[in-house]
Amino acid sequence: LTYAWLFNEYPTFVHQDSRRFVSQETGNLYIAKVESSDAGNYTCVVTNTVTNSRVLGPPTPLVLRNDGVMGEYEPKIEVQFPETVPSAKGTTVKLECFALGK
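Residues numbered from 1 in each chain as written. Predicted model: local features only at pLDDT ≥ 70, side-chain atom pairs only at ≥ 80, totals over all residues. Heavy atoms only, no water.

In the annotation of an unreviewed UniProt entry, the entry for the protein chain reads CNTN4 protein, and the organism field reads Irena cyanogastra. Per its UniProt entry, the protein chain bears the Subcellular location (unreviewed entry) comment "Cell membrane". (UniProt positions renumbered as here; feature names shortened; annotations may be inferred.)

This is how it looks when you write it as structure tokens:
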């Protein structure tokens, strides 16, 4: 499976950059330092790479609040590292750590 996200409507896909990341492990979309241009509807697209079929989830609105109320997303750090990461000398190892919330 591969994961992608639409922004507002097809064919506008979210492109990964220094603020946006789509985890191919979980399908989660992460946006750092949300800006007013990020407001809109986001739709997850899951593609089966064997059959090349796609399924779209329901649109999820991202609405910016100006009242300073955080809502349900309290700050937290997500780390899912295994206890050990075996690797061969000279190979690249990627460890991901995300800070979520405000």
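Read on, since the account is not over.
Colleague: Explanation requested: the overall build of the protein chain in the structure shown.
Modeller: Assigned secondary structure in the protein chain consists of 0 helices and 8 strands. Helices (α) and strands (β) of the protein chain occur, in sequence order from the N terminus, as β-β-β-β-β-β-β-β. Counting only residues that meet the buried cut, the protein chain has 19% of its 102 residues in that class. Partitioning the contacts of the protein chain with sequence separation of at least 6, the portion at a separation of at least 24 is 43%. (Helix = DSSP H or I, 4+ residues; strand = E, 2+ residues; numbered from the N terminus. Buried < 20%, exposed > 50% of the residue type's maximum accessible area, 1.4 Å probe, protein only. Contact = heavy atoms within 4.5 Å.)

Colleague: Quick question: what am I supposed to make of the environment of Val-14 here?
Modeller: Position of Val-14 among the secondary structure elements: in the loop between β1 (2–7) and β2 (20–22). Val-14 sits 28 residues away from Tyr-42 along the chain, and the two C-alpha atoms are 8.7 Å apart. Not counting chain neighbours up to four residues away, the residues in contact with Val-14 comprise Trp-5, Leu-6, Phe-7, Arg-20, Leu-29 and Tyr-42.

Colleague: Quick question: what am I supposed to make of a nonpolar patch on the surface here?
Modeller: On the surface, Val-85, Val-93 and Leu-95 cluster together into a nonpolar patch covering about 240 Å² of accessible area. If you trace the backbone, Val-93 turns up in the loop between β7 (76–79) and β8 (97–100). (Patch = residues over 30% accessible without salt bridge, like charges linked within 9 Å, V, L, I, M, F, W, Y side chains within 5 Å. Areas by Shrake-Rupley, 256 points an atom, 1.4 Å probe, with all protein chains shown as cover. Salt bridge = Lys/Arg side-chain N within 4 Å of Asp/Glu carboxyl O.)

Colleague: How do you make sense of the packing of aromatic side chains when you look at a structure like this?
Modeller: For any pair of aromatic rings, geometry is given as the distance between the ring centres together with the angle between the planes. Counted according to the given criterion, the structure contains 3 aromatic pairs. Seen from their ring centres, Phe-7 and Tyr-42 are 5.0 Å apart, and the 45 degrees between their planes marks the pair as tilted. With Phe-7 in strand β1 and Tyr-42 in strand β4 (residues 40–48), this residue pair connects regions lying 35 residues apart in the sequence. Assessed through its relative accessible area of 5%, Tyr-42 is described here as buried. (Phe/Tyr/Trp six-rings, centres within 6.5 Å; stacked < 30°, edge-to-face > 60°.)

Colleague: Please explain the environment of Cys-44 as it appears in this structure.
Modeller: On the secondary structure map, Cys-44 appears in strand β4. Residue class for Cys-44 comes out buried when judged on its relative accessible area of 17%. Discounting chain neighbours no more than four positions away, the residues touching Cys-44 are Tyr-3, Ala-4, Trp-5, Val-55, Leu-56 and Gly-57.

Colleague: I would appreciate a short explanation of unusual backbone geometry in the present structure.
Modeller: Glycine aside, negative phi is the norm for most residues, and most peptide bonds take the trans geometry. For the bond running from Tyr-10 to Pro-11, omega is 10 degrees, close enough to zero to count as cis. Mapped onto the elements of the fold, Pro-11 is located in the loop between β1 and β2. Unlike most non-glycine residues, Asn-8 shows phi in positive territory, near 70 degrees. Within the secondary structure, Asn-8 is located in the loop between β1 and β2. Owing to a relative accessible area of 43%, Asn-8 belongs among the partly exposed residues under this scheme. The phi angle at Lys-33 is positive, at roughly 50 degrees, despite the residue not being glycine. Given a relative accessible area of 70%, Lys-33 falls into the exposed group.

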